[in-house]
Amino acid sequence: CEPRNSGTPYRQLLEEGCVKPSRFYEIANKALNNPIRHRRYLEDLGVNIIPLRALRDQRITPPLESGLARSTAETIFWGFDIDSVRVSDAPGVSAPCPIGLTADEICDIARLAGGDPRSRILELTEINPVYDADKRTSRLAAYIILYYLTEHLQLPRVDEQ
């Protein structure tokens, strides 16, 4: 039995057939942060991997919008790993990295997630309060939830008031 870690639940969902690999998206993946064997494992299963560079080259949300438009899923689960945000915007994480999504970019993704009527679950993971001395990461998590809920509940946008 492999030791449990923060990525284990997603692997279990895939291996136990709870999520079809073709409907699983790894978004803002950074090759330097993930062992090549993990990427190969996901590719062999047929998981969709969208690297951070590809998102940035297309201005973050367009590739996600087109994927959502093609999706036949009845419900969508959104798991936001805060480790995907650069350390300058989210220092209180388990695996900080200088390269990653910006706070604005992850909030744009949260807005997109909240705006899709099929969205049912929003999960935020990898926040580590021990390293969040100025509460910057916790505040960002609150903003992610706010952006998601603002769209989901069709409230006036928080950044346009």
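This text goes with the structure placed above it.
Bear in mind the structure is a predicted one, so any value in this text is a computation, not a measurement.

Core analysis: the biggest nonpolar cluster contains 25 residues, and Phe80, Ile106 and Ile144 have the highest contact counts within it. Elements supplying a minimum of two residues to this core: helix 3 (52–57), helix 4 (61–70), strand 3 (76–81), helix 5 (103–115) and helix 6 (136–152). By residue number, the principal contributor to this core is helix 5, which donates 6 residues. Residues contacting Ile106, with those up to four places away along its chain left out, are Phe80, Ile82, Ser84, Val85, Leu101, Leu140 and Ile144. Of all hydrophobic cores here, the second largest spans 5 residues; its members include Phe24, Leu42, Val47 and Ile49.

Tallied over the full model, the rule gives 3 aromatic pairs. Arranged with centres 6.1 Å apart and planes meeting at 70°, the rings of Tyr10 and Phe24 form a pair that is edge-to-face. With Tyr10 in helix 1 (residues 8–15) and Phe24 in the loop between helix 1 and strand 1 (25–29), this residue pair connects regions lying 14 residues apart in the sequence. Between Tyr143 and Tyr147 the ring centres are 6.5 Å apart and the planes differ by 40°, which places this aromatic pair in the tilted class. Placement of both Tyr143 and Tyr147 in helix 6 is noted, with a separation of 4 residues, approximately one turn of the helix. Above the plane of the ring of Tyr41 lies Arg11, whose end atom (NZ or CZ) is 4.1 Å from the centre.

Here helix 6 spans 24 Å end to end across 17 residues, near enough to the 24 Å set by a 1.5 Å rise per residue. Among all positions in helix 6, only Thr137, Leu140, Ala141, Ile144, Tyr147, Tyr148, Thr150 and Glu151 are buried. Looking at the buried residues of helix 6, the elements they touch are strand 3, helix 5 and strand 4 (119–125). Of the residues one or two after helix 6, Gln154 is the one with positive phi, at around 55°.

Moving on, we come to helix 4. Of all the positions in helix 4, only Thr61, Pro63, Leu64, Gly67 and Leu68 are classed as buried. Projection of helix 4 onto a plane perpendicular to its axis shows the buried side chains occupying an angular sector of 160°, all on one side. Opposite the buried face of helix 4, by more than 90 degrees, sit the exposed residues Ala69 and Arg70. On its buried face, helix 4 sits against strand 1, strand 2 (48–51), helix 3, strand 3 and helix 5.

It is worth spelling out unusual backbone geometry at this point. Both trends apply: most residues other than glycine have a negative phi, and most peptide bonds are in trans. Positioned with a positive phi, Ala28 is a non-glycine residue whose angle comes to about 70°. Positionally, Ala28 belongs in strand 1. With a relative accessible area of 4%, Ala28 lands in the buried category. Of note in this structure, Lys135 is not a glycine but carries a positive phi near 65°. Structurally, the position occupied by Lys135 is in the loop between strand 4 and helix 6.

The rules we used
Residues numbered from 1 in each chain as written. Predicted model: local features only at pLDDT ≥ 70, side-chain atom pairs only at ≥ 80, totals over all residues. Heavy atoms only, no water. Core = buried A, V, L, I, M, F, W, Y, C linked by side-chain atoms within 4.5 Å. Buried < 20%, exposed > 50% of the residue type's maximum accessible area, 1.4 Å probe, protein only. Helix = DSSP H or I, 4+ residues; strand = E, 2+ residues; numbered from the N terminus. Contact = heavy atoms within 4.5 Å. Phe/Tyr/Trp six-rings, centres within 6.5 Å; stacked < 30°, edge-to-face > 60°. Lys NZ or Arg CZ within 6 Å of the ring centre and 35° of its normal. Expected span 1.5 Å × (residues − 1). Arc of directions from axis to C-beta.

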